[in-house]
Amino acid sequence: MSISRTELLQAFDGLLQPERFKDYGPNGLQVEGKAEITRIVSGVTASRALIEAAIAARADAVFVHHGLFWRGQDGRVTGWMKQRLQLLLAHDINLYAYHLPLDAHPEWGNNAQLGRVLGWVADARFGEQDLGCVAPAAFTDGRALADHVAHALGRPVTLVQPEAAENGTARPVRRVGWCTGGAQGYFESAIAAGADAFITGEISEPQAHLAREMGVSFIAAGHHATERYGAPAVAAQVAGRYGLAHQFIEIDNPA
């Protein structure tokens, strides 16, 4: 089975509805390749390693969360950008990238899929463009939640607990908020939405102090680690609908 480049774009757009979002870069087809597509490779980031792996897998299209082009970046095609584009163009591979629309999809997006992996289904949303999720939980404290997240994701996580917990008074986690990737700025919105703990990918120096002072545990579980589930879920849905071959390729990233 095969599908045209335009039909595949329409399928991704129809599922993810990028027109609903204000984003940091272009969503959709970022690099045009061959007209007919039979094999899709999905991944988190359009790195050179992923592109090389897609070439080895004989992919006609690559579907990612982090594409090549971002608002405010240097527009010159040199160095790493030239190398990635050169590989895509030389092998006539289409690059489709969806950022916030892929985070937000209520069933197949990064946040929904991270919730699935961790055992939760969101019953409320929060934050800019309703990207964040909140769900009921049952953990004795932030440490128990952090251990659960680390086990589910198969990697260490960073936990910052409130001052009370550090002084021996644990706060139970009855509701958990999360937003994948670099969403540490949603911490206070998660608290306002009723979260006893917040999970995202990264933590900055000021956030550690806020977590200690505001009484809510903060867990940074890795940008890549929290965003590795949406792209293969969406690509698998579209590939299955049209009878296309699909392969998710994991490129390890400690960040």
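Calculation rules
The residue numbers shown here count from 1 along each chain, following its written sequence. The model is predicted, so local features are restricted to residues of pLDDT at least 70 and side-chain atom pairs to those at 80 or more, both for listing and for counting; the totals for chains, interfaces and linings are taken over all residues. For side-chain calculations, the full set of non-hydrogen atoms in the structure is used, while hydrogens and water are omitted. Numbering of helices and strands starts at the N terminus; helices are DSSP runs of H or I of at least 4 residues and strands are runs of E of at least 2. To sort residues, take the accessible area from a 1.4 Å probe on protein chains only and compare it with the maximum for the residue type: under 20% means buried, over 50% means exposed, and anything in between is partly exposed. By construction, the arc corresponds to the directions joining the helix axis to the C-beta atoms. In this analysis, two residues are considered to be in contact whenever any of their non-hydrogen atoms come within 4.5 Å of each other. Here, a salt bridge means any side-chain nitrogen of Lys or Arg that lies within 4 Å of a carboxyl oxygen of Asp or Glu. Among buried residues, those of type Ala, Val, Leu, Ile, Met, Phe, Trp, Tyr and Cys that are joined through side-chain atoms within 4.5 Å constitute a nonpolar core. The rule for pairing is simple: two strands pair if DSSP sees at least two bridges between them. When the strands point away from the viewer and the path from the first strand over the helix to the second turns clockwise, the crossover is right-handed. Angles here are taken between N-to-C directions and fall from 0 to 180 degrees, while the axes themselves are lines fitted to C-alpha atoms, restricted in helices to the stretch in contact. Throughout, the term roughly parallel applies to angles under 35 degrees, roughly antiparallel to angles over 145, roughly perpendicular to angles from 65 to 115, and oblique to all others. When residues are grouped by polarity, Ala, Val, Leu, Ile, Met, Phe, Trp, Tyr, Cys and Pro land in nonpolar, Asp, Glu, Lys and Arg in charged, and all others, Gly among them, in polar.

Participant: When you look at unusual backbone geometry in this model, what are you seeing that I'm missing?
Facilitator: Phi at Asp-92 takes a positive value of approximately 55°, unusual for a residue other than glycine. Positionally, Asp-92 belongs in the loop between helix H3 (79-90) and strand S6 (94-97). A positive phi angle, close to 55°, is found at Gln-129, a residue other than glycine. Using a relative accessible area of 26% as the deciding quantity, one classes Gln-129 as partly exposed.

Participant: Sorry, what's going on with helix H9 (residues 205-214) here?
Facilitator: Side chains three or four residues apart in an α-helix point the same way, a direct result of the helix having 3.6 residues per turn. Along H9, the positions that sit buried rather than exposed are Gln-207, Ala-208 and Ala-211. The buried residues of H9 occupy an angular sector of 105° when the element is viewed end-on, so they sit on one face. More than 90 degrees from the buried face of H9, the exposed residues found are Glu-205 and Glu-213. Those residues of H9 hidden inside the fold are in contact with strand S9 (158-160), helix H8 (187-192) and strand S12 (217-220). Phi turns positive, to about 80°, at Gly-215, one or two residues after H9.

Participant: How do you make sense of the pattern of salt bridges when you look at a structure like this?
Facilitator: Side chains carrying opposite charge are able to pair once their charged atoms draw close together. Within this structure, the stated rule accounts for eight salt bridges. Among the salt bridges present, the one from Arg-5 reaches Glu-32, with a minimum N-O distance of 3.7 Å. Of this pair, Arg-5 sits in helix H1 (residues 5-16) while Glu-32 sits in the loop between strand S2 (28-31) and strand S3 (36-37), and the two are 27 residues apart along the sequence. Residue classification places Glu-32 among the exposed positions, given a relative accessible area of 52%. Measuring nitrogen to oxygen at the nearest pair gives 3.8 Å for the salt bridge that ties Glu-52 to Arg-48. A residue pair is termed a helical-turn pair when its members lie 3 or 4 positions apart in one helix, as Glu-52 and Arg-48 do in helix H2 (residues 48-56) at four residues. For Arg-48, a relative accessible area of 42% puts it in the partly exposed group.

Participant: Honestly, the nonpolar core in this entry has me stumped. Any pointers?
Facilitator: Core analysis: the largest hydrophobic core is formed by 21 residues, its most contacted members being Trp-120, Leu-145, Val-176, Trp-178 and Ile-199. At the level of elements, helix H5 (110-118), strand S8 (132-139), helix H6 (142-153), strand S10 (173-178) and strand S11 (197-200) are the ones that each hand at least two residues to this core. Apart from the residues lying within four places of it in its own chain, the contact partners of Val-176 are Trp-120, Cys-133, Val-134, Ala-135, Ala-137, Leu-145, Ala-195, Ala-197 and Ile-199.

Participant: What am I meant to see in the environment of Pro-101 here?
Facilitator: Its location among the elements puts Pro-101 in helix H4 (residues 100-104). Judged by relative accessible area, Pro-101 falls into the buried class, the value being 1%. Distance in space between the C-alpha atoms of Pro-101 and Asp-13 is 9.2 Å, their sequence separation being 88 residues. Pro-101 has contacts with Leu-16, Pro-18, Phe-21, Asp-23 and Asn-27, leaving out every residue within four places of it along the chain.

Participant: Help me understand the pairing of S11, please; the structure alone is not making it clear to me.
Facilitator: Residues in a regular strand point their side chains to alternate faces of the sheet. Residues of S11 alternate between two faces, with Ala-197 and Ile-199 on one and Phe-198 and Thr-200 on the opposite face, all of them buried. Pairing analysis gives three bridges linking S10 to S11, with the strands arranged parallel. When the sheet's bridge partners are listed, Val-176 is paired in S11 with Ala-197. Chirality of the crossover, the property in question, places the unit of S10, H8 and S11 among those that are right-handed. Sheet topology places S11 next to S12; four bridges connect them, and they run parallel. Following the sheet pairing, Phe-198 is matched in S12 by Phe-218. Handedness of the crossover joining S11 and S12 through H9 is recorded here as right-handed.

Participant: Just to check I follow, could you spell out the packing of H5 against H6 for this structure?
Facilitator: Between two packed helices, the angle of one axis relative to the other and the distance separating the axes together describe the packing. At a minimum axis separation of 9 Å, H5 and H6 run at an interaxial angle of 100°. It follows from the interaxial angle that H5 and H6 lie roughly perpendicular. Contacts between H5 and H6 pair Leu-114, Val-117 and Leu-118 from the former with His-148, Val-149, Ala-152 and Leu-153 from the latter. Class assignment for the residues of the contact of H5 with H6 results in six nonpolar, one polar and no charged.

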